[in-house]
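Architecture at a glance
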Amino acid sequence: MFRFHKTLDIITLFHKANSPASTRVANLLKQASANASAGATIDQASDHSAQNKISREPFELNITEDHPTSDQVQTILGYVGQSGISGIISGARDEKDALKKFNENPDSFTRPTVVDWNSGKAAVGDNESTILKLLNQKK
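Everything numeric here is computed off the predicted structure, so don't read it as measured data. (Residues numbered from 1 in each chain as written. Predicted model: local features only at pLDDT ≥ 70, side-chain atom pairs only at ≥ 80, totals over all residues. Heavy atoms only, no water.)

1. A few points about the side chain of Ser33
Here Ser33 is to be found in helix H1 (residues 20–37). If near-sequence neighbours (up to four positions away) are discounted, Ser33 is found in contact with Phe59 and Leu61. (Helix = DSSP H or I, 4+ residues; strand = E, 2+ residues; numbered from the N terminus. Contact = heavy atoms within 4.5 Å.)

Laid out in C-alpha cells, this is it:
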C-alpha cells in the first residue's frame, strides 16, 4: 500500500560564526536534533529519566551564516509580534521601520536567531530555556 511520509519540520539558525553566543546555540540545536532523531542506546535503555523530559519529532536543522531574505525577515517579524520586533532588528519601532532598517543594513538583523518555520515561532539570542521551549512546543 502507498503511504505518504511526513516531511520533517525545518528549524533554521541564522548564525554568526565568530559569536560565542551563536556557537552555543548551534551546539544546542545540533544536540537537540541528534536527540530527536536517535533511538535508545544500551545505556539509555535502563535510564528512565528521559521519560520525564518533553521530546519532539525529528527535525531538519538548517544552520546558515547568510542573511535572511526580506521575505524571511517579514515572516519572522510576524512570528515575534510587535513586542519582539526590536529584538530581531536593532532599534526598530515597528514592522515597517524594521524592514527599512534591514534593507539599508542587513547586519541590523540579530544573530543568533532560531526560527521554527512550521510552528511559526522564533527565538532571538542564546537563552537556552527559550530555545528549548521553542523546540518542544506543539503546533
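2. Re the packing of aromatic side chains
If you walk through the whole model with that rule in mind, you get three aromatic pairs. Centroid distance Phe102 to Phe109: 6.5 Å. Interplanar angle 75 degrees. Geometry classified as edge-to-face. Ring pairing ties together the aromatic residues Phe14, Phe102 and Phe109, which thus form one cluster. (Phe/Tyr/Trp six-rings, centres within 6.5 Å; stacked < 30°, edge-to-face > 60°.)

3. Looking at the pattern of salt bridges
In total, this model carries four salt bridges according to the counting rule given. Between Arg93 and Asp97 there is a salt bridge, with the nearest N and O atoms lying 3.5 Å from each other. With relative accessibility at 60%, the residue Arg93 sits in the exposed group. For Asp97, a relative accessible area of 9% gives the class buried. (Salt bridge = Lys/Arg side-chain N within 4 Å of Asp/Glu carboxyl O. Buried < 20%, exposed > 50% of the residue type's maximum accessible area, 1.4 Å probe, protein only.)

4. A look at helix H3 (residues 70–80)
Those residues of H3 lying buried are Val73, Ile76, Leu77 and Val80. One side of H3 carries all its buried residues, which in axial view fall inside an arc of 105 degrees. Facing away from the buried side of H3 by more than 90 degrees, the exposed set consists of Asp71 and Gly78. Each element contacted by the buried residues of H3 is listed here: strand S1 (9–14), helix H4 (85–88), helix H5 (95–104), strand S3 (113–116) and strand S4 (121–124). Positive backbone phi, approximately 75 degrees, marks Gly81, located one or two places after H3. (Arc of directions from axis to C-beta.)

5. A closer look at unusual backbone geometry
At the junction of Arg111 and Pro112, the peptide bond is cis and its omega measures out at 10 degrees in the coordinates. You can see Pro112 is positioned in the loop between H5 and S3.

6. Focus on the packing of H1 against helix H6 (residues 128–136)
With their axes 11 Å apart at the nearest point, H1 and H6 run at an angle of 35 degrees to one another. Crossing geometry of H1 relative to H6 is assigned as right-handed. Across the interface between the two elements, Val25, Leu28, Leu29 and Ala32 of H1 pack against Glu128, Ile131, Leu132 and Leu135 of H6. Among the residues making up the contact of H1 with H6, the classes are represented as seven nonpolar, no polar and one charged. (Axes fitted to C-alpha atoms, helices over the stretch in contact; angles between N-to-C directions. Left-handed = near helix turned anticlockwise from the far one by under 90°. Nonpolar A, V, L, I, M, F, W, Y, C, P; charged D, E, K, R; others polar.)

7. Remarks on the sheet that holds S3
If you trace the four strands from one edge of the open sheet to the other, you get S2-S1-S3-S4, paired in mixed fashion. This sheet does not close on itself; its edge strands, each paired only once, are strand S2 (59–64) and S4. Strand-to-strand twist across the sheet, computed as the mean angle between neighbouring axes with direction ignored, equals 15 degrees. Alignment of S1 against S3, held across four bridges, turns out to be antiparallel. In the sheet register, Leu13 faces S3, and the bridge partner there is Val114. Here H1 sits on the sheet and contacts S1, S2 and S3; the angle it forms with S2, its principal contact strand, is near 160 degrees. (Pairing = 2+ DSSP bridges.)

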